[in-house]
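An overview of the molecular structure
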Amino acid sequence: PYHRHAPDTRRGAVREQEPSMERSVVRPTPPASWIWVSAIFLACASMALANDREPAALPTTIYDVDGISSKVEIRVDRWGVPHIRADQLYDVFFGQGFNAARDRLWQLDLWKRRGDGTLSEVFGKRFVDKDRAARLFLFRGNMRAEWLAYSSDTKRIASAFVAGINAYIELVRRDPGLLPFGFA
C-alpha cells in the first residue's frame, strides 16, 4: 500500500497517512451500444473470413500501346489496389498514368478543364466566372526552373505519366467501348 508521511500534531511525532483517494465511477455501456459493437465486430470478422478464400481468377487483358520500352504489368488485387511492375523506371510511371486514366479518366478530364479554365465548354454559362478565375491563375513563370526545383528527372517522370494517360485515351478512340461511365 502507498503511504506518505505527514506531520503529526504532536511535537516530533510522524504518522503515516493514506493519500486522498479519487472516486471513480465505472458503469456498464448501455445494451444498445453492445449490440452495435457486436454487429460491427461480426461484420468485420465475416468479411475477413470471406477474403481468406482464394478469389476467382480475374481475366487478363493485354493492350498494345506505343511509348514504353518493355512490358508493363498492372495487377489489381482483391481490394482494388493496382500494383505496377516494369523493367524500366519510366515505364512504371507510364503504367501509373495508364491505370489512372483507365480508372479515373472523367476525373482527370474534369481537373484539366478546371485548371485550364474550360469547364463552361461542358457545363455551360454558370461556369464562365470559374473559368475566368482559373485563367487568371495559370502559371506564367519559367517552367524549366519549376521542373528543376523538384528534381532533375521530374519532367521526365511527369511526361511518362502523361504519356500513359494519352495511351489510354488513344485506346478509347480506337475502341469506344473502353470509354468510362462518366462520359456516356
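The structure presented is a predicted model; accordingly, all values stated were derived computationally and were not measured. (Residues numbered from 1 in each chain as written. Predicted model: local features only at pLDDT ≥ 70, side-chain atom pairs only at ≥ 80, totals over all residues. Heavy atoms only, no water.)

Turning to the confidence of the model for the protein, a few remarks are in order. On average, residues of the protein carry a pLDDT of 80, and 68% of them reach 70 or more. Ranking the elements of the protein by mean pLDDT puts strand β2 (residues 14–17) last, at 48, and helix α6 (residues 154–174) first, at 95. Confidence over residues 13–29 falls short of pLDDT 50; this stretch has 20 contacts with residues more than four positions distant or in other chains. (pLDDT = per-residue confidence, 0-100. Helix = DSSP H or I, 4+ residues; strand = E, 2+ residues; numbered from the N terminus. Contact = heavy atoms within 4.5 Å.)

As for its placement among the helices and strands, F93 is situated in helix α2 (residues 89–116). Distance from F93 to A163, taken between C-alpha atoms, is 9.0 Å for residues 70 residues apart in sequence. With residues near it in sequence (within four places) discarded, F93 still touches I157, A160 and F161.

With respect to the helices and strands, N99 occurs in helix α2. The residues touching N99, leaving out its near neighbours within four places in the chain, are I74 and P82.

All right, on to α6 then. Between the first and last C-alpha of α6 there are 30 Å, a value that for 21 residues agrees with the 30 Å anticipated at 1.5 Å per step. Against α2 and α5 (143–150) lie the buried residues of α6. (Expected span 1.5 Å × (residues − 1).)

To continue, consider the pattern of salt bridges. Counting across every chain of the model gives seven salt bridges. Between D103 and R102 there is a salt bridge whose closest N-O contact spans 3.9 Å. Between D116 and K112 there is a salt bridge whose closest N-O contact spans 2.7 Å. Within this pair, D116 and its partner K112 are both found in helix α2, separated by four residues, close to a single helical turn. For K112, a relative accessible area of 54% puts it in the exposed group. Members of the salt-bridge network, linked through shared partners, are D109, R113 and E121. (Salt bridge = Lys/Arg side-chain N within 4 Å of Asp/Glu carboxyl O. Buried < 20%, exposed > 50% of the residue type's maximum accessible area, 1.4 Å probe, protein only.)

Once that is clear, we can look at the pairing of strand β3 (residues 72–76). Two elements, β3 and strand β4 (residues 82–86), share five bridges in a ladder whose sense is antiparallel. Within β4, the residue paired with V76 across the bridge is P82. Turn length for the β3-β4 hairpin, with the two strands adjacent in sequence and antiparallel, is five residues, and the turn residue G80 shows positive phi of about 85°. (Pairing = 2+ DSSP bridges.)

Within the fold, D131 resides in helix α4 (residues 128–136). Buried charge D131 goes without a salt bridge, the closest partner of opposite sign being R135 at 5.2 Å. Once residues within four sequence positions are removed from consideration, D131 is found in contact with G117, T118, L119 and S120. (Lys, Arg positive; Asp, Glu negative; His and termini not counted.)

What the rule picks out here adds up to three aromatic pairs. Ring geometry for Y63 and F98: centres 5.5 Å apart, planes at 55°, overall tilted. Of the two residues, Y63 sits in the loop between α1 (31–52) and β3 while F98 sits in helix α2, which places them 35 residues apart along the sequence. Taking the relative accessible area as the measure of exposure, Y63 reaches 28% and is therefore partly exposed. (Phe/Tyr/Trp six-rings, centres within 6.5 Å; stacked < 30°, edge-to-face > 60°.)

Below, the discussion takes up the nonpolar core. The tendency in soluble globular proteins is for nonpolar side chains to be buried side by side. Judged by nonpolar contacts, F94, F98, A101, L105, I165, A167, Y168, L171 and V172 together constitute the single largest core of nine residues. If we skip the residues at most four places from it in the chain, L105 touches A100, Y168, I169, P180 and F183. (Core = buried A, V, L, I, M, F, W, Y, C linked by side-chain atoms within 4.5 Å.)

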